[in-house]
Structures are given as structure tokens and as C-alpha cells.
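For reference, the chains in residue letters:
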Amino acid sequence: YLAKRGGLGIAFYRPDDDRHTSERLTVVAELREAVERGDLTVHYQPIVRRSTHEVRGVEALVRWPHPSRGLLTPEEFVPIAEENDLIPALTDLVLDRALAQHRAWLDAGLDLPVAVNVGGACFLDAGFPARVRSLLDRHRVEPGRLTAEITESAVLPDAGRASAVLTELRGLGVRLSIDDFGTGFSAMGHLQSMPLDELKIDRSITAQIGATEGGKAVVGALIELGHALRLEVVVEGVEDAATCAVVDSLGADRLQGYAFSRPLPPEELVAWTRPIPAA
Ligand code: C2E
Ligand code: CA
Ligand code: CA
Ligand code: CA
């Protein structure tokens, strides 16, 4: 390989794969430009309260409206952002959008706390909490209305540095949620030492409810674990009424999934939701 850390941020150039490489170079350059220009959009998926199913908040999920490829989902470009050091800039952009949206909803009488996915690179970035703080100030959003969703695998590799950033974010009053719970090695020691507010059970675990005999028991055990640690428990990937009934009966605090709504552009979300009086 010929190292090529040029302006496009591509780490390696494989001489035997010109076509593929130039396509990738184009995508990386386009993504970098989209992030810099703010040409990404954010969709919002409702998170509802157990049994009453009132909307309690939303998760912000990034989309890339590509000029020729259509609306791209995170699976198609977040890994490229990760490989090319674009996660901090992408996160800043999504945070800015989500907090502006929260403020706009609040001004319209809708109190919808927002959860934002915060990639691992942000936890190695000592300037991140200050930027979050200034975005909260700029949009006049109470810190407790923002939840940072983080994956365990993102913070474990450099737990020392990451925990300083986590602690600082928590110190601002931002809620912290451990995302994709149940998918990786969940080291109990770390779980207990992190200043968390919420645990979010991954949709791959939820999918076991209808699929395997032990699925319901596993989800029930994870909910109990979360509650034993005094965390709020959100179950993601609730796709149908049957799963919803099971998850309600197991005592999860909040539910999210296609059974309620897919992620929606903000204008459609407002039409979908019932207004909640602002505090
Ligand atoms: P995630 O954080 O686990 O987000 C939930 C994903 O599950 C979303 O996919 C959502 O559309 C999907 N989902 C929700 N309910 C259901 C359901 O009932 N059934 C099924 N099968 N799927 C459901 P999406 O929007 O494609 O996002 C995929 C992943 O991309 C997210 O997974 C998250 O890890 C990442 N991501 C999304 N937005 C951002 C972002 O702004 N920054 C970063 N760093 N990552 C992001
Ligand atoms: Ca080739
Ligand atoms: Ca998430
Ligand atoms: Ca997940």
C-alpha cells in the first residue's frame, strides 16, 4: 500500500483497485463537504412511555440526502465518517439541528426531549463538553432535555480519557444513556463506574422476544439489571403489538420502534404526535 494521507483523508491507496478507490475517494470528499456545509438532515423517532404510550421524547437519527443516490441511512455513511475523523463534526451538526428543533417544538408548545447518538471519537475530544454547553446556551435548551446515547464499545478502549468527558457532560446536566445494550461484552465493572442515567436495550435483543423461547426472559433480565442499577430502561425495536404487550408487562420504562412510528422528518413528527403541554 502506498500511504496517502492527503486532503481527502484516505489512509491507503490500493494500486490494484483504482475504480473502487476513486469511487470511495469521491464518497469521502462528498461526505466531508456535506458535513462542512451542513447538508445532512435529521429524522426523529418517538420514544413513548410504558403502557400509556404517550410520546416522552425523540431520538435524532442522521440522514444524508445525496444528490444522486437518494436519502442515505447512517449504516451507509457513519462508518465512512468514523474512518475519516468526521464524527466530531457530524455530531456537532446533529446536536445543533436537534437542539434547534427541540427549541422550535418548545416554542410551539411541545416538550420533546431529544436523544443524540454520540460517537466514540467525541469522548476522546476534550473540547466536546464545552461545545455541547455552547450549543445548549445558543438554543436556550435545558441540559436535562438532552440525552447523549453512547455505546460501551465506544468508551471502553480508552476508558480513562473517555470517563473525563463523560463526567464533564454529566456535570453539565446532560443525561447519559448506554446504547445498544446487550450486544457487546457488557463489563459490569464499567457499567457501574460510568455516570449513567439510562440503559437502552438493542433491537437485536428485542427481536428475540418473538423468535426464541428464552427471548422474553433475556429482555426481562436486562430490564431488571437496569433497574437494579437505578437506570431508566428503554427498549428499542418494538416492531409490533405483540412485542409491545410483552415489553409493557416486563416493566420497561420507555419503548421505541416501528409499532409506534418510524423515524420521521420533523414536520411529519409534529403531525403524528399528540401535543404535550410544555412545563
Ligand atoms: P441506533 O442508535 O440503534 O438507532 C436505532 C435504529 O433502529 C435506527 O436506524 C432506527 O430507524 C431503527 N429502528 C427503530 N425502530 C425499529 C424497529 O422497530 N425495527 C427495526 N428493525 N429497526 C428499528 P437508523 O436511523 O438507520 O440508524 C442506524 C444507526 O446509525 C443507529 O443505531 C446509530 O448507531 C447510528 N446513527 C444514527 N444517527 C447517528 C448520528 O447522528 N451519529 C452517530 N454517530 N451515529 C448515528
Ligand atoms: Ca480496479
Ligand atoms: Ca441510539
Ligand atoms: Ca441499537
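This section reports on the structure supplied with the text. (Residues numbered from 1 in each chain as written. Chains lettered and ligands numbered in written order. Predicted model: local features only at pLDDT ≥ 70, side-chain atom pairs only at ≥ 80, totals over all residues. Heavy atoms only, no water.)

**Focus: the side chain of aspartate 125**
Note the following rule: Going along the chain from the N terminus, every DSSP run of H or I of four or more residues is numbered as a helix, and every run of E of two or more is numbered as a strand. Here a polar contact is recorded for every N or O atom pair within 3.5 Å, except that within protein the pair must consist of a potential hydrogen donor and a potential acceptor, and residues adjacent in sequence are included only if both atoms are side-chain atoms. Throughout, a residue-residue contact means that at least one pair of heavy atoms, one from each residue, lies within 4.5 Å.
Within the secondary structure, aspartate 125 sits in the loop between β6 (114-117) and α4 (128-138). Of the polar contacts made by the side chain of aspartate 125, one reaches the side chain of arginine 131; its length is 3.0 Å. When sequence neighbours within four positions are dropped, the list of residues in contact with aspartate 125 reads Pro88, Arg131 and Val165.

**Quick look at the pairing of β6**
Rule in force here: Strand pairing is assigned whenever DSSP detects at least two bridges linking the two strands. Think of it like this: strands point away, you trace from the first strand over the helix to the second, and a clockwise trace means the crossover is right-handed.
Judged from the three bridges that link them, strand β4 (residues 55-66) and β6 form a sheet pairing that is parallel. Paired with glutamate 59 across the bridge in β6 is alanine 115. Pairing analysis gives four bridges linking β6 to strand β7 (residues 146-151), with the strands arranged parallel. Bridge pairing links asparagine 117 to glutamate 149 in β7. Taking the sense of rotation as the criterion, the β-α-β connection linking β6, α4 and β7 turns out right-handed.

**Considerations on the pairing of strand β3 (residues 41-49)**
Rule in force here: Only protein chains enter the calculation, and the probe is 1.4 Å; a residue is then buried if its accessible area is under 20% of its type maximum, exposed if over 50%, and partly exposed in between.
Of all nine residues in β3, seven are buried, a share of seventy percent or more. Note that β3 and β4 share eight bridges and pair antiparallel. If you follow tyrosine 44 over to β4, its bridge partner there is alanine 60. The antiparallel hairpin formed by β3 and β4 contains five residues in its connecting segment, where serine 51 sits at a positive phi of about 60 degrees.

**A word on the site of ligand 1**
The following threshold applies: Near, as used in this document, describes a residue that has one of its heavy atoms within 4 Å of the molecule or strand being considered. Shrake-Rupley sampling with a 1.4 Å probe provides the accessible areas, and residues are treated as covered by the protein chains on show and by no other component. Here the term charged refers only to Asp, Glu, Lys and Arg, the term nonpolar to Ala, Val, Leu, Ile, Met, Phe, Trp, Tyr, Cys and Pro, and the term polar to all other amino acids, Gly among them.
Of all residues adjacent to ligand 1, which total 20 residues, the nearest are Gln45, Arg63, Arg203, Glu239 and Tyr258. Contact distances for ligand 1 include 3.2 Å between a nitrogen atom and a backbone N or O atom of valine 62. Relative to its free-state accessible area of 810 Å², ligand 1 is covered by the protein chains to the extent of 87%. Only β4, α2 (74-83), α3 (87-107) and β8 (175-181) provide two or more residues apiece to the shell around ligand 1. Looking at which element gives the most residues to the shell around ligand 1, the answer is β4, with four residues. Partitioning the shell around ligand 1 into residue classes produces eight nonpolar, four polar and eight charged.

**Concerning the coordination of the calcium ion (ligand 3)**
As a reminder of what qualifies: Each metal's donors are the N, O and S atoms found within 2.8 Å of it, except that Na, K and Ca use a 3.2 Å limit; water is left out, so coordination can look incomplete.
Glu59 (OE), Asn117 (OD1), Glu149 (OE) and Asp179 (OD) make up the full set of protein donors to the calcium ion (ligand 3), lying at 2.2 to 2.4 Å. Mapped onto the sequence, the donors of the calcium ion (ligand 3) take the spacing E-x57-N-x31-E-x29-D. The distance between the calcium ion (ligand 3) and the calcium ion (ligand 4) comes to 5.4 Å. A residue pair is termed long-range when its members are at least 10 positions apart, and glutamate 149 in strand β7 and aspartate 179 in strand β8 qualify at 30 residues. Classification of glutamate 149 by relative accessible area gives buried; the value is 2%.

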